[in-house]
Amino acid sequence: MQKVTLNNGVEMPILGFGVYQIEDIELCEESVYNALMEGYRLIDTAAVYENEEAVGRAIKRSGVPREEIFVTTKLWIQDAGYESAKKAFETSLKKLQLDYLDLYLIHMPFGDVHGSWRAMEELFHEGKIRAIGVSNFLNDRLMDLIVHHEIVPAVNQVETHVFTQQVENAQFMKNYDVQIESWGPLAEGKNNIFKNELLVSIAEKHQKTVAQVALRWLIQRGVVVIPKSVHKERIIENFDIFNFELSGEDMEKIAMLDTKKSLILSLHDPKEVERLSNMKFHD
Ligand code: NAD
């Protein structure tokens, strides 16, 4: 498995498995189990997905040694702040049946993120988390965290796919040694991605699928991807992207699909900030 090296030296697989919107706990466990059996070694969950227990059970059932798996979970807005973040971390760890986490992310740039970050820095120094990072942080929020704290986030997980390419933001992150990770690498199927004429033609040329081309395009840019699927054949398909290469011309053509704005979640919209901040989950 190809890996990226984070700013603290920790290695992270460039391809992983995401479990957003798999609310059916048994289906989630089965999907993560299938992914691990197929060879995935990075699993991306979050407290707010309410499936950390299922992920933990699948990891245990798989028999894959703990040190071979890179587990990410995220701190939701309701738990922002120093004390709450520490408590939320312990809850997540317990649900996942783990004694350390590979990557802990602040899920959204709202609420007391500075308190959360101080707690996460401590947990990192205590050896309970191998790397700490953020998600959905625009460059100004990222800079706010960088200048006010000791640890520079190792990762920023943001909406990134062929229609929302994050080219300038990725460069900004690179300048500060923050690894970009894509959520929604398949644009959650939106914008008719799987029927996109350009992607279909490039896929046919390589005898691959549109999903494989969309994922390959991201990893060739050095972006970590965590596609989600509950179907075994797609889990296998999304993993099979290391045996072909997109040409410079393919890469440039795909670059033309960029709309330079988010398709799924607009972090600039106050209504979205309000909606997300009011969203709660149960411990
Ligand atoms: P995605 O882009 O991975 O799309 C998933 C959907 O694409 C599936 O539900 C399925 O309908 C379809 N699909 C998957 N593989 C396919 C294939 N080979 N062929 C055809 N269709 C296929 O969307 P996502 O799940 O939102 O993003 C991936 C992961 O990123 C999530 O599971 C989650 O872990 C993470 N995520 C994080 C945030 C965040 O705020 N940090 C937000 C959304 C998602």
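Source: prediction; values computed, not measured.

Undergrad: How should the pattern of salt bridges be read in this particular structure?
TA: Pairing between side chains becomes possible if they bear opposite charge and their charged atoms approach one another. Inspection of the entire model under this criterion finds 17 salt bridges. The closest approach of N and O atoms between Glu122 and Lys86, which form a salt bridge, is 2.4 Å. With Glu122 in helix H4 (residues 113-125) and Lys86 in helix H3 (residues 82-95), this residue pair connects regions lying 36 residues apart in the sequence. For Lys190, the salt bridge identified is with Glu188, shortest N-O distance 3.4 Å. Judged by relative accessible area, Lys190 falls into the partly exposed class, the value being 36%. Several salt bridges converge on common partners, so that one network encompasses Glu29, Glu30, Arg57 and Arg61.

Undergrad: What's the story with the environment of Asn7 in this structure? I'm lost.
TA: Within the fold, Asn7 resides in the loop between strand E1 (3-5) and strand E2 (11-13). Relative accessible area serves as the criterion here: at 29%, Asn7 is assigned to the partly exposed category. Apart from the residues within four sequence positions on either side, Asn7 is in contact with Val152, Pro153, Ala154 and Asp177. Looking at Asn7, its side chain comes within polar contact range of the main-chain oxygen of Val152, at 3.3 Å.

Undergrad: For this particular structure, what's the right way to read the sheet that holds strand E8 (residues 155-159)?
TA: Remark on secondary structure: sheet strands pair via backbone hydrogen bonds, oriented parallel or antiparallel. The sheet built from eight strands is open, its strands ordered E3-E4-E5-E6-E7-E8-E9-E10 with parallel pairing. Lying at the two open borders of the sheet, with one neighbouring strand each, are strand E3 (17-18) and strand E10 (224-225). Strand direction decides the pairing type here: strand E6 (residues 101-106) and strand E7 (residues 129-135), joined by five bridges, are parallel. By the bridge assignment for E7, Leu101 is matched with Ile129.

Undergrad: Before we go on, may I ask you to explain the packing of helix H5 (residues 139-148) against helix H6 (residues 167-175) in this structure?
TA: In a packed pair of helices, the relevant descriptors are the angle between the two axes and the axis-to-axis distance. Following both chains from N to C, one finds H5 and H6 inclined at 10°, their axes separated by 11 Å at the closest point. By the angle between their directions, the pair H5 and H6 is classed as roughly parallel. Where H5 abuts H6, its residues Asn139, Leu142 and Met143 lie against Asn169, Phe172 and Met173. Here the residues of the contact of H5 with H6 are counted per class, giving four nonpolar, two polar and no charged.

Undergrad: Is there a simple way to explain helix H2 (residues 52-62) in this structure?
TA: Residue pairs spaced three or four apart in an α-helix point in one direction, given the helix's 3.6 residues per turn. Of the positions making up H2, those classed as buried are Glu52, Ala54, Val55, Gly56, Ala58, Ile59 and Ser62. Structurally, H2 contributes buried residues whose contacts are with helix H1 (25-38), strand E4 (42-44), strand E5 (70-75) and H3. In the segment just after H2, Gly63 is the residue with positive phi, at about 75°.

Undergrad: What is the right way to look at the site of the ligand in this model?
TA: Neighbouring the ligand are 26 residues; Asp44, Ser135, Asn136, Leu186 and Glu188 lie closest to it. For the ligand, a nitrogen atom lies 2.9 Å from a polar atom in the side chain of Gln157. For the ligand, a nitrogen atom lies 2.9 Å from a polar atom in the side chain of Asn238. For the ligand, whose accessible area on its own is 820 Å², the fraction buried by protein is 89%.

Undergrad: Help me understand the environment of Gly189, please; the structure alone is not making it clear to me.
TA: Looking at the element boundaries, Gly189 is found in the loop between strand E9 (179-183) and helix H7 (197-206). Taking the C-alpha atoms as reference points, Gly189 and Val64, 125 residues apart in sequence, are found 31 Å from one another.

Undergrad: Even after reading the chapter, I still don't get the layout of surface pockets, so can you show me in this structure?
TA: Unfilled space is identified by rolling a water-sized probe across the atoms. Taken as a whole, the largest pocket encloses approximately 1100 Å³ of empty space. Forming the boundary of the largest pocket are 44 residues, of which Tyr20, Gln21, Gly184, Glu188 and Lys228 lie nearest the centre. Looking at the lining of the largest pocket, the elements with two or more residues in it are helix H8 (210-220), helix H9 (232-239) and helix H11 (270-278). Per-class residue counts for the lining of the largest pocket are 21 nonpolar, 12 polar and 11 charged. Here the second largest pocket is characterised by a volume of approximately 460 Å³. Considering the residues around the second largest pocket, the lining is formed by 21 residues, among which Thr164, Gln166, Asn169, Lys260 and Lys261 are closest to the centre. Every element with two or more residues in the lining of the second largest pocket is listed here: E8 and H6. Ranked by residue count, the leading element in the lining of the second largest pocket is H6, at three residues. Residues of the lining of the second largest pocket, tallied by class, amount to seven nonpolar, nine polar and five charged.

Undergrad: Honestly, the pairing of E5 in this entry has me stumped. Any pointers?
TA: Within a regular strand, side chains alternate between the sheet's two faces. The element E5 is largely enclosed, with a buried count of six among its six residues. In the classification by handedness, the crossover that spans E4, the intervening H2 and the parallel E5 is right-handed. As paired strands, E5 and E6 are joined by four bridges and run parallel to one another. Counted as the bridge partner of Thr73 is Tyr104 from E6. Between E5 and its parallel partner E6, the chain crosses via H3, and the hand of that crossover is right-handed.

Criteria and thresholds
- Residues numbered from 1 in each chain as written.
- Predicted model: local features only at pLDDT ≥ 70, side-chain atom pairs only at ≥ 80, totals over all residues.
- Heavy atoms only, no water.
- Salt bridge = Lys/Arg side-chain N within 4 Å of Asp/Glu carboxyl O.
- Helix = DSSP H or I, 4+ residues; strand = E, 2+ residues; numbered from the N terminus.
- Buried < 20%, exposed > 50% of the residue type's maximum accessible area, 1.4 Å probe, protein only.
- Contact = heavy atoms within 4.5 Å.
- Polar contact = N/O pair within 3.5 Å; in protein donor to acceptor, adjacent residues only side chain to side chain.
- Pairing = 2+ DSSP bridges.
- Axes fitted to C-alpha atoms, helices over the stretch in contact; angles between N-to-C directions.
- Parallel < 35°, antiparallel > 145°, perpendicular 65-115°, else oblique.
- Nonpolar A, V, L, I, M, F, W, Y, C, P; charged D, E, K, R; others polar.
- Near = heavy atom within 4 Å.
- Areas by Shrake-Rupley, 256 points an atom, 1.4 Å probe, with all protein chains shown as cover.
- 1 Å grid on protein atoms, 1.4 Å probe; cavity = no way out; pocket = protein on both sides within 12 Å on 5 of 7 lines; lining within 4 Å.
- Points joined across faces, edges and corners; volume = space filled by probe spheres on them.
- Right-handed = clockwise from strand over helix to strand, strands pointing away.

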